[in-house]
Amino acid sequence: MILKTADFLSINYGNYDFIINRYNIVGSISYSGSQSLPFTAEYFNGLINYGEMKIISFDIDRFLTKVFKLNNIDKNEAKISIIGDLKKSSYSNYKERFKEFILTQNIDCSPDLFSFLISFRSEVKRIEIRNLKIFPKILKNFYKNNGFLGCTFKDNNSIVFFIDIEKIIFDILLKGGIKNE
Amino acid sequence: MNERNNINSLNNEEILKEIESKITELKKESVNDKKVKFIIFYIDDKLYAMPGNVVQEIIIDYPVFYLPFVPDYIRGLLNRHGEPYTVIDLKSLFTGSELDGKTFLVLRNKIDNIAFIISGIYKIENILEDNIHPLTSKNENMDYFEGSITIDEEEVFIVNIKNIIDRIANDIENS
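What counts, and where the lines are drawn
- Residues numbered from 1 in each chain as written.
- Chains lettered and ligands numbered in written order.
- Predicted model: local features only at pLDDT ≥ 70, side-chain atom pairs only at ≥ 80, totals over all residues.
- Heavy atoms only, no water.
- Helix = DSSP H or I, 4+ residues; strand = E, 2+ residues; numbered from the N terminus.
- Buried < 20%, exposed > 50% of the residue type's maximum accessible area, 1.4 Å probe, protein only.
- Contact = heavy atoms within 4.5 Å.
- Polar contact = N/O pair within 3.5 Å; in protein donor to acceptor, adjacent residues only side chain to side chain.
- pLDDT = per-residue confidence, 0-100.
- Axes fitted to C-alpha atoms, helices over the stretch in contact; angles between N-to-C directions.
- Parallel < 35°, antiparallel > 145°, perpendicular 65-115°, else oblique.
- Nonpolar A, V, L, I, M, F, W, Y, C, P; charged D, E, K, R; others polar.
- Arc of directions from axis to C-beta.
- Core = buried A, V, L, I, M, F, W, Y, C linked by side-chain atoms within 4.5 Å.
- Phe/Tyr/Trp six-rings, centres within 6.5 Å; stacked < 30°, edge-to-face > 60°.
- Lys NZ or Arg CZ within 6 Å of the ring centre and 35° of its normal.

Quick look at the overall build of chain B
No. 1: Counting its regular elements, chain B contains three helices and ten strands.
No. 2: When its helices and strands are written in sequence order, chain B yields α-β-β-β-β-β-α-β-β-β-β-β-α.
No. 3: Within chain B, the fraction of its 175 residues that count as buried is 41%.
No. 4: The contacts in chain B between residues at least 6 apart in sequence include a share of 53% that link residues at least 24 apart.

This is the structure in structure tokens:
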């Protein structure tokens with residue numbers, strides 16, 4: 001029997017881990033600052049340089065620590081930017097809507113790539129799919145629509161949430177969560 | 001020897017008759033007097049009841065992992081044999097204040113993976129069906145209950161699981 005496994009980027013915050021499917025991650029670079037955007041949107045920290053391109057950047061650390069009320073994070077920790085590719089996205093409409101968005105906002109950035117900022121408390125892990133659990137029925141669809149797909153437990157005192165990073169980033173960006181400067 | 005050792009002792013024949021009469025009594029009871037098992041539990045100092053057939057187990061002192069974006073009475077998830085269970089705080093649902101409790105009533109998972117956080121268990125009691133009273137009051141909070149029973153001379157409301165789950169599902173949809 002072949003066990004189905006997948007590689008995940010795992011980010012640790014004490015008793016809470018968050019895993020992201022590595023499928024549409026195409027690279028990473030050390031974070032050394034960002035340029036500002038022409039709008040403010042919670043958790044978006046600007047544009048970063050990736051080779052000759054500029055890419056929109058989402059601070060996943062800030063998002064997760066705020067929504068999960070996590071407080072064991074060192075704000076001075078070194079960070080890395082993980083690069084994702086929208087061309088590999090399972091959400092066919094995000095690519096078109098993002099392209100329209102950057103045109104209307106007049107942002108000079110790649111329409112195909114996005115990035116999210118994490119600290120160095122992260123690693124790539126291979127996880128057996130059968131160990132991941134869907135949320136209880138009463139929560140399942142709600143959390144799926146909000147970018148949280150399931151969970152598992154490392155031990156009795158810790159939990160691992162499986163998150164859909166594209167859903168989180170692009171729902172916040174494209175569903176009106178921005179204020180123009 | 002058939003001698004009696006004292007005036008109150010019974011011979012074997014009499015003992016057997018006594019046993020058989022008890023069995024007959026018990027059988028009559030079970031045919032005519034249907035009983036329902038209830039778990040009587042505390043939320044703070046108030047007693048509530050839940051039908052025993054919906055409760056899988058009672059567990060103590062499990063960590064609850066916080067969940068964002070949902071009403072406060074959904075306290076989070078707990079890990080039961082590797083499966084996530086939604087933890088519901090009935091005190092928070094009824095009154096808006098969080099319960100400081102470490103005991104959980106875990107429901108049978110043919111309903112859903114749900115556990116209620118409570119203060120503690122008072123007792124488990126079999127109640128005659130005839131002694132389960134319908135609700136007479138019609139105020140909003142009574143939607144959470146499906147009747148009442150009398151335990152140690154106190155009226156104890158029976159939690160209506162279905163209505164509670166429906167309320168939660170509705171609140172989550174509107175979150």
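So, next bit.
Describing the side chain of Lys79(A)
Residues and elements named next belong to chain A.
No. 1: With respect to the helices and strands, the residue Lys79 is situated in strand 7 (residues 79–85).
No. 2: A residue is classified by how much of its surface remains accessible, and Lys79, at 15% relative accessible area, is buried.
No. 3: Side chain to side chain, Lys79 and Asp61 meet in a polar contact 2.7 Å long.

Considering the confidence of the model for chain B
Residues and elements named next belong to chain B.
No. 1: Model confidence for chain B is summarised by a mean pLDDT of 88, while 87% of its residues fall at 70 or above.
No. 2: This stretch, residues 1–7, has a pLDDT under 50; its non-local contacts, to residues over four places away or in other chains, come to three contacts.
No. 3: Model confidence for the complex is summarised by a pTM of 0.86, with the ipTM given as 0.91.

Concerning the packing of helix 3 (residues 137–145) of chain A against helix 3 (residues 161–173) of chain B
The description of two packed helices rests on the angle between their axes and on the distance between the axes.
No. 1: Direction vectors running N to C along helix 3 of chain A and helix 3 of chain B enclose 5°, while the axes themselves pass 10 Å from each other. The orientation of helix 3 of chain A relative to helix 3 of chain B falls into the category roughly parallel. On helix 3 of chain B, the residues touching Ile138(A), Leu139(A) and Phe142(A) of helix 3 of chain A are Ile165(B), Ile168(B), Ala169(B) and Ile172(B).
No. 2: In terms of residue class, the contact of helix 3 of chain A with helix 3 of chain B is made up of seven nonpolar, no polar and no charged.

Side note on helix 3 of chain A
No. 1: Within helix 3 of chain A, burial applies to Ile138(A), Leu139(A), Phe142(A) and Tyr143(A). Viewed along the axis of helix 3 of chain A, the buried residues span an arc of 95°, placing them on a single side of the element. Seen from the open side of helix 3 of chain A, the exposed residues pointing more than 90 degrees away from its buried face are Lys137(A), Asn141(A), Lys144(A) and Asn145(A).
No. 2: The elements touched by buried residues of helix 3 of chain A are strand 10 (148–155) of chain A together with strand 4 (74–80), strand 5 (83–89) and helix 3 of chain B.
No. 3: At the C-terminal side of helix 3 of chain A, Gly147(A) shows a positive phi close to 90°.

Concerning helix 1 (residues 60–67) of chain A
Residue and element names in this part refer to chain A.
No. 1: Among the eight residues in helix 1, six count as buried, and that is most of the element.
No. 2: Buried within helix 1 are the following residues: Ile60, Asp61, Phe63, Leu64, Thr65 and Val67.
No. 3: Of the residues flanking the start of helix 1, the one acting as N-cap is Asp59, its side-chain oxygen 3.3 Å from the backbone nitrogen of Asp61.

Some words on the nonpolar core
No. 1: One finds Ile60(A), Phe116(A), Leu139(A), Phe161(A), Met50(B) and Phe116(B) to be the most contacted residues of the largest nonpolar core, which totals 91 residues.
No. 2: Per element, the largest residue contribution to this core is six residues, and it comes from helix 4 (residues 165–174) of chain A.
No. 3: Non-local contacts of Ile60(A), meaning those with residues more than four positions away in its chain, are made with Ile11(A), Tyr13(A), Phe116(A), Leu117(A), Ile118(A), Ile163(A) and Ile165(A).
No. 4: Formed by nine residues, the second largest nonpolar core is a distinct cluster that contains Phe38(B), Ile40(B), Leu47(B) and Val156(B).

Regarding the packing of aromatic side chains
No. 1: For the structure shown, the criterion picks out 31 aromatic pairs over all chains.
No. 2: Plain terms: the ring middles of Phe18(A) and Phe68(A) are 4.9 Å apart, the flat faces sit at 65° to each other, and that makes the pair edge-to-face. Of this pair, Phe18(A) sits in strand 2 (residues 16–21) while Phe68(A) sits in the loop between helix 1 and strand 7, and the two are 50 residues apart along the sequence. One exposure class covers both Phe18(A) and Phe68(A), and it is buried.
No. 3: Linked through ring pairs, Tyr13(A), Tyr16(A), Phe18(A), Phe68(A), Phe135(A), Phe142(A), Tyr143(A), Phe148(A), Phe153(A), Phe161(A), Phe65(B) and Phe69(B) together constitute an aromatic cluster.
No. 4: Lys88(A) extends its terminal NZ or CZ atom over the ring of Tyr23(A), reaching a point 5.0 Å from the ring centre.

Considering the environment of Asp61(A)
Residues and elements named next belong to chain A.
No. 1: Tracing the backbone shows Asp61 in helix 1.
No. 2: Its relative accessible area of 1% is what places Asp61 among the buried residues.
No. 3: Sequence separation between Asp61 and Lys79 is 18 residues; the distance between their C-alpha atoms is 9.5 Å.
No. 4: Among the polar contacts listed, one links the side chain of Asp61 to the backbone nitrogen of Ser119, at a separation of 3.4 Å.

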